[in-house]
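Coordinates in review
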Amino acid sequence: MNNITLAKKYSALLDEVYKKAAVTSILESDPTLAREGANANEIVIPKLDMDGLADYSRTGGYVEGDVSLTWETAAYNYERGRMFSVDNMDNAETQNSAFGRLAGEFLRTKVAPEIDAFRFAQYASAEGIGSAEGALSSGEAAVAAIRAAVSAMDEAEVPSDGRVLFITPTLKGLIEDMDTTKSRAVFADFEMVITVPQSRFYTKVTLLDGTSVDEKAGGYVKADNGSDINFMIVHRGAVLQFTKNVVPKIISPDVNPDADSWKYGYRSYGLCGVFDNKAQGVYVHYAPAQSNG
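An account of the accompanying structure is given in this report. (Residues numbered from 1 in each chain as written. Predicted model: local features only at pLDDT ≥ 70, side-chain atom pairs only at ≥ 80, totals over all residues. Heavy atoms only, no water.)

1. Considerations on the overall build of the protein
- Scanning the protein from terminus to terminus reveals 6 helices and 13 strands.
- Looking at the protein as a whole, 42% of its 293 residues qualify as buried.
- Counting contacts in the protein only where the partners sit at least 6 residues apart, residues at least 24 apart contribute 78% of the total.
- Split by element, the accessible area of the protein, about 16,400 Å² in all, is 50% carbon and sulfur. (Helix = DSSP H or I, 4+ residues; strand = E, 2+ residues; numbered from the N terminus. Buried < 20%, exposed > 50% of the residue type's maximum accessible area, 1.4 Å probe, protein only. Contact = heavy atoms within 4.5 Å. Areas by Shrake-Rupley, 256 points an atom, 1.4 Å probe, with all protein chains shown as cover.)

Laid out in structure tokens, this is it:
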């Protein structure tokens, strides 16, 4: 019973840590919008299409129109995991804090940044989204770029409600330091303004496999052909983001057949992408590409 209680205690703590650390968690889609696909690794999303208005005839009445409801398939595109061991004596000698700190720090410093980085890169590389490239070295330049992005989304008839601005702390600070009416007003167009560390804000990332000689540390890096993102505007309804399975597995020394140690395993399985018909609901502004080499 103690092991079960401890597992529940750690699982609740870990879930709380992740939600505080992952900035993209607010974009999670409503699970009722999707249904299981024909294969286990996919879901299907309803897609509605219909004809526009036609001339009304006072003699013939209405012109018949077509409406179609189709189901668009989306495959899960993120599956990652890791298992750790903490010696039982090491854990006891730290008053049981070694295991708890391992789990919490792993989620805060490894899991959440990678999930954010992967999602931002997926959205930034989606077809049909709004985008612009350029260096933003001043608050004035940043304000002008954000204004241009908002205008582009307005022209595309993206709803003003539900827009979230993700921006680097550096750029947000440059804007705030202007301390002008214009700089204060630029953030008023958004439901939320969320700062994203540059270390998880790239147009493309490479997920390290954890087994190759030069990738054993796992995690992610900016891809060689990736760019730093300055800011990204996301309308909540434009992205498809589902976390199907998040499993923090805790194995106590009592049931570990291999060693007298605690084992902590974490697995995440989900998908993210941009709806074809709502691509203009995402806008990314990024810096000119620079090679990691």
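2. Brief notes about the environment of Pro46
- Considering the arrangement of structural elements, one finds Pro46 in strand E2 (residues 42-50).
- The class of Pro46 is partly exposed, set by a relative accessible area of 37%.
- Along the sequence, Pro46 and Leu69 sit 23 residues apart, while their C-alpha atoms lie 6.6 Å from each other.

3. A word on the pairing of strand E6 (residues 163-167)
- In terms of burial, E6 is largely enclosed, as 5 of its 5 residues are buried.
- Here E6 shows a buried face lined by Arg163, Leu165 and Ile167 and a second buried face lined by Val164 and Phe166.
- Sheet topology places E6 next to strand E10 (residues 229-235); 5 bridges connect them, and they run antiparallel. Bridge pairing in E10 links Ile167 to Phe231.
- Where E6 lies against strand E7 (residues 192-195), 4 bridges are found, and the strand directions are parallel. Directly across from Phe166, in E7, lies its bridge partner Ile194. (Pairing = 2+ DSSP bridges.)

4. Remarks on helix H4 (residues 139-155)
- Under the 1.5 Å per step criterion, the end-to-end length of H4 is 24 Å for 17 residues, consistent within 8% with the ideal 24 Å.
- Taken as a whole, H4 has its buried residues at Gly139, Ala142, Val143, Ala145, Ile146, Ala149, Val150 and Met153. Across the axial projection of H4, the buried residues extend over an arc of 165°, all falling on one side.
- Glu157 sits one or two residues past H4 and shows a positive phi near 65°. (Expected span 1.5 Å × (residues − 1). Arc of directions from axis to C-beta.)

5. A closer look at the side chain of Ser29
- By secondary structure assignment, the location of Ser29 is in the loop between helix H1 (2-21) and strand E1 (35-36).
- In this structure Ser29 comes out as buried when scored by relative accessible area, which is 12%.

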